[in-house]
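Inside the fold
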Amino acid sequence: MAEIIKGVARALEFPFIFKASYDKANRTAIRSFRGPGHQRGSSHSEKIKDQLNVPILTDVHETADVSKVAEVADILQIPAFLSRQTDLVLRRR
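Here's what I pulled together on the structure shown here. (Residues numbered from 1 in each chain as written. Predicted model: local features only at pLDDT ≥ 70, side-chain atom pairs only at ≥ 80, totals over all residues. Heavy atoms only, no water.)

Topic: the overall build of the protein chain
For the protein chain, the count of helices and strands is four helices and three strands. Start at the N end of the protein chain and walk to the C end: the helices and strands fall as α-β-α-β-α-β-α. Projected onto its principal axes, the C-alpha positions of the protein chain cover 40 × 30 × 25 Å. Looking at the protein chain residue by residue over its 93 residues, the buried ones come to 28%. Taking the contacts inside the protein chain whose residues are at least 6 apart along the sequence as the reference set, 48% of them involve residues at least 24 apart. Looking at the protein chain as shown, the accessible area adds up to about 6900 Å², and 51% of this sits on carbon and sulfur atoms. (Helix = DSSP H or I, 4+ residues; strand = E, 2+ residues; numbered from the N terminus. Buried < 20%, exposed > 50% of the residue type's maximum accessible area, 1.4 Å probe, protein only. Contact = heavy atoms within 4.5 Å. Areas by Shrake-Rupley, 256 points an atom, 1.4 Å probe, with all protein chains shown as cover.)

Now the structure itself:
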C-alpha cells in the first residue's frame, strides 16, 4: 500500500508521509481491532521507512509511548480526542 501511494504522490509531485497507527485507542466497541500494538507496529513502520525511504507519522496515546515511538516515527501526532492531555502535549523524548 505504501509503495503504491508513494508512486502516486511522486507522479503528482505531491509530498508523501506514511501514516499508520499501532493502536487505535479511541475505539468505542470494546471488541474492535485496535491495531498490531507497539512492537509489531514499530517493526512494520521501520520496514516501510527503510525500504521506501519515506517519513513515518503515527499517533501517541500515552506519555510512556513517546520515547519508544520516536525511535521509528519522524512525526508524533496527538489524536484529537487526547488534545487536551497536558502531560502528553508537554512530553519530550
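What follows continues from the structure just given.
Describing the nonpolar core
In this structure, Phe16, Phe18, Val54, Ile56, Val60 and Val69 are the most contacted members of the largest nonpolar core, which totals 13 residues. At the level of secondary structure, the elements contributing two or more residues to this core comprise α1 (2-11) and α3 (63-70). (Core = buried A, V, L, I, M, F, W, Y, C linked by side-chain atoms within 4.5 Å.)

Points about the pairing of strand β2 (residues 56-59)
Regular strands have side chains that alternate between both faces of the sheet. With burial as the criterion, each face of β2 is covered, one bearing Ile56 and Thr58 and the other bearing Leu57 and Asp59. In this structure, strand β1 (residues 18-19) lies alongside β2, joined through two bridges in parallel fashion. Across the sheet, the residue bridging to Lys19 is Leu57, located in β2. The pairing of β2 with strand β3 (residues 75-77) spans three bridges and is classified as parallel. Across the sheet, the residue bridging to Thr58 is Leu76, located in β3. With respect to chirality, the unit in which β2 leads through α3 into the neighbouring parallel β3 is right-handed. (Pairing = 2+ DSSP bridges. Right-handed = clockwise from strand over helix to strand, strands pointing away.)

Keep in mind these values describe shape, not function.
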